[in-house]
Amino acid sequence: MVSLPIDELQVGAICRFPLEDDNGLLLLGAGTKITAELIQGLKDREIGELAVRADDVEALSRHDSGAEARRKSHVRPKKSTASAFQAEHPSKWPKGVPLKDNLVDRHHEPYNQSRREVLRGHMKLARDQFEQIGLELMDRKLQTVEALSNLSGAFATAMIDDHDQTVADVVAAETAISLTDRSVKLGVLGMAVGTELGLDGPSILEIGTTGLLHDIGLFVMDPELTMPGRGPLDDDEIWEYRKHSTVSVTCLQEASSIPHGVLTAIEQVHEQYNGSGYPFGIEGKRISTYARILNVCDTYLRLTLGTSFRKALVPHDALGLILHQARHRMFDPDVVKAFLRVESLFPLGSQVRVGDLIASVIRRPINGYAYPVLQTADGQRIDLQNQTEAMIQPIVDPSFNQIRMSQHAMETLRWSPADELLLD
């Protein structure tokens, strides 16, 4: 690997391989197109140079006569304490220091297109890595998941740079979703909630890795159990499906460098706080902290994802149902409170109506849960903290197979995420 200064990147070039900074932190996934906005976004994060494969330098760098001299004379600018933590390789993040203390405040900024491209690159890399892991599992040759652990670091670093955009862009509703994409969404959302709970950097990374790996056992189980477009599982299939947590742990036990806490949490992600979950029906604080966090996140993702036989709830109503079920001890109350602070009553990335305007939720409220920051399609910013009298309503998007749930249904329904929820 050789160092390539940011100023020498060629606009329009395509990354043939993943790009890292000089600390080894993943910045761009393979296949990412270099744009002026992406370059500026890297500069805004005070990233001065990238670690590039020697055989990729010519394709990525500009070809003017002074380029080589500038590469040799390039000096990295000094960083503030916050940006130094941001640029530090995640493996060096200190224990005991809450990641939340190091989030960059972007509340008054719009979303950044270069940041979006970086996140898309990470998603593409995740798909490639999962495809490789799937092949290794089928051949019983899985020896390491280090690449996915590095992905947790990449997404966590993006979250430090802009928490709200990372959550909104990665967790946003989609018309269809693969097992890989869902695992990435779970890992990122889990890291966001863990950050809100005040966990330190190493713990956040382990939550991300748990989310990425929690369904890995499904790669070696009957594909009929997860086939897109199929109907609800029958009783025998449900019994078989519920083995996937322990199958995931079995698949990973021979792989190196997976912390014991991650394996425990993978096995317990589907356990419920009141003991109604699976595979063992354990309850309360006997369930791993990571699993309690990811269980709430997993429930939210399930509720907001439609299937061939079930409508999806709009994000606002999915969150409302979780809050009502929490009254019956379905979830850890501290995790639910943190989840609400991460997403607000109108979750990041969701669509709402304010008067005659349609807008997207782009920022959490500075105070409380009810008044997030919105942005219309033409770029108009609406800070509801300054317009508390405004009427805001979630919007049903038919393209996402969404429906609303009545307040009465939320209040009266008794339901466990271990059971499928059929929505008319």
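Above this text you will find the structure in question.
What counts and how
Residues numbered from 1 in each chain as written. Predicted model: local features only at pLDDT ≥ 70, side-chain atom pairs only at ≥ 80, totals over all residues. Heavy atoms only, no water. Helix = DSSP H or I, 4+ residues; strand = E, 2+ residues; numbered from the N terminus. Rg over C-alpha atoms; globule rule 2.2 N^0.38 Å. Buried < 20%, exposed > 50% of the residue type's maximum accessible area, 1.4 Å probe, protein only. Contact = heavy atoms within 4.5 Å. Areas by Shrake-Rupley, 256 points an atom, 1.4 Å probe, with all protein chains shown as cover. Lys, Arg positive; Asp, Glu negative; His and termini not counted. Charge placed at Lys NZ, Arg CZ, Asp CG, Glu CD. Core = buried A, V, L, I, M, F, W, Y, C linked by side-chain atoms within 4.5 Å. Expected span 1.5 Å × (residues − 1). Polar contact = N/O pair within 3.5 Å; in protein donor to acceptor, adjacent residues only side chain to side chain. 1 Å grid on protein atoms, 1.4 Å probe; cavity = no way out; pocket = protein on both sides within 12 Å on 5 of 7 lines; lining within 4 Å. Points joined across faces, edges and corners; volume = space filled by probe spheres on them. Nonpolar A, V, L, I, M, F, W, Y, C, P; charged D, E, K, R; others polar.

A.B. asks: Would you explain the overall build of the chain in this entry?
C.D. replies: A count of helices and strands for the chain gives 16 helices and 11 strands. Radius of gyration (C-alpha) of the chain: 22 Å, near the 22 Å computed for a compact globule of 424 residues. Relative to its 424 residues, the chain shows a buried fraction of 51%. Contacts in the chain between residues at least 24 apart in sequence constitute 68% of all its contacts with a sequence separation of at least 6. For the chain, the accessible area works out to roughly 18,900 Å², and carbon and sulfur atoms hold 50% of it. Side chains of the chain carry 44 positive and 59 negative charges; the gap between the two charge centres is 3 Å.

A.B. asks: I'm lost on the nonpolar core in this one. Help?
C.D. replies: The nonpolar side chains of soluble globular proteins are, as a tendency, buried together. If you look at the biggest cluster of nonpolar residues, it comprises 90 residues, and the most contacted ones within it are F155, L189, L252 and L374. With nine residues, helix α13 (residues 289-303) is the single largest residue contributor to this core. The contacts of F155, once residues within four sequence positions are left out, are L119, H122, M123, T166, V170, V184, V188 and M191. One finds L4, I34, L38 and L60 within the second-largest nonpolar core, a separate group that totals 18 residues.

A.B. asks: Just to check I follow, could you spell out unusual backbone geometry for this structure?
C.D. replies: Comment: phi is negative for the bulk of residues other than glycine, and the bulk of peptide bonds are trans. Between Y278 and the following residue, P279, the backbone shows a cis peptide bond with an omega angle of 10°. Checked against the element boundaries, P279 lands in the loop between α12 (260-268) and α13. Phi is positive for R329, which is not a glycine, with a value near 65°. Tracing the backbone shows R329 in the loop between α14 (315-326) and α15 (333-343). Non-glycine residue S344 carries a positive phi angle of around 65°. Within the secondary structure layout, S344 lies in the loop between α15 and β6 (351-354).

A.B. asks: In this structure, what is going on with helix α6 (residues 146-161)? I would like to understand it.
C.D. replies: One turn of an α-helix holds 3.6 residues; hence residues three or four places apart share an orientation. Counted at 1.5 Å a residue, the expected span for α6 with its 16 residues is 22 Å, and the 23 Å between its end C-alpha atoms agrees. Within α6, 12 of the 16 residues are buried, which leaves the element mostly enclosed by the surrounding structure. Buried within α6 are the following residues: L148, L151, S152, G153, A154, F155, A156, T157, A158, M159, I160 and D161.

A.B. asks: How should the side chain of R363 be read in this particular structure?
C.D. replies: Along the polypeptide, R363 turns up in strand β7 (residues 357-363). With relative accessibility at 1%, the residue R363 sits in the buried group. A polar side-chain atom of R363 sits 3.2 Å from the main-chain carbonyl oxygen of R106. Of the polar contacts made by the side chain of R363, one reaches the side chain of D162; its length is 2.7 Å. When sequence neighbours within four positions are dropped, the list of residues in contact with R363 reads R106, H107, E109, P110, Y111, D162, D164, Q165, L348, P372 and V373.

A.B. asks: How do you make sense of the layout of surface pockets when you look at a structure like this?
C.D. replies: A probe as big as a water molecule, rolled over the atoms, marks out the empty space that is left. The calculated volume of the largest pocket comes to roughly 1,200 Å³. Lining the largest pocket are 38 residues, and of these L225, T226, Y241, T307 and E420 sit closest to its centre. Contributions of two or more residues to the lining of the largest pocket are made by α8 (179-196), α10 (235-241) and α13. Counting residues per element, the lining of the largest pocket draws most heavily on α13, which supplies four residues. Taken together, the residues of the lining of the largest pocket sort by class into 16 nonpolar, 13 polar and nine charged. Taken as a whole, the second largest pocket encloses approximately 840 Å³ of empty space. Along its surface, the second largest pocket is lined by 40 residues, and A168, D169, A172, A173 and G349 are the ones closest to its centre. A total of six residues in the lining of the second largest pocket trace back to one element, the largest contributor, which is helix α5 (residues 113-138). Broken down by class, the residue content of the lining of the second largest pocket amounts to 22 nonpolar, eight polar and 10 charged.

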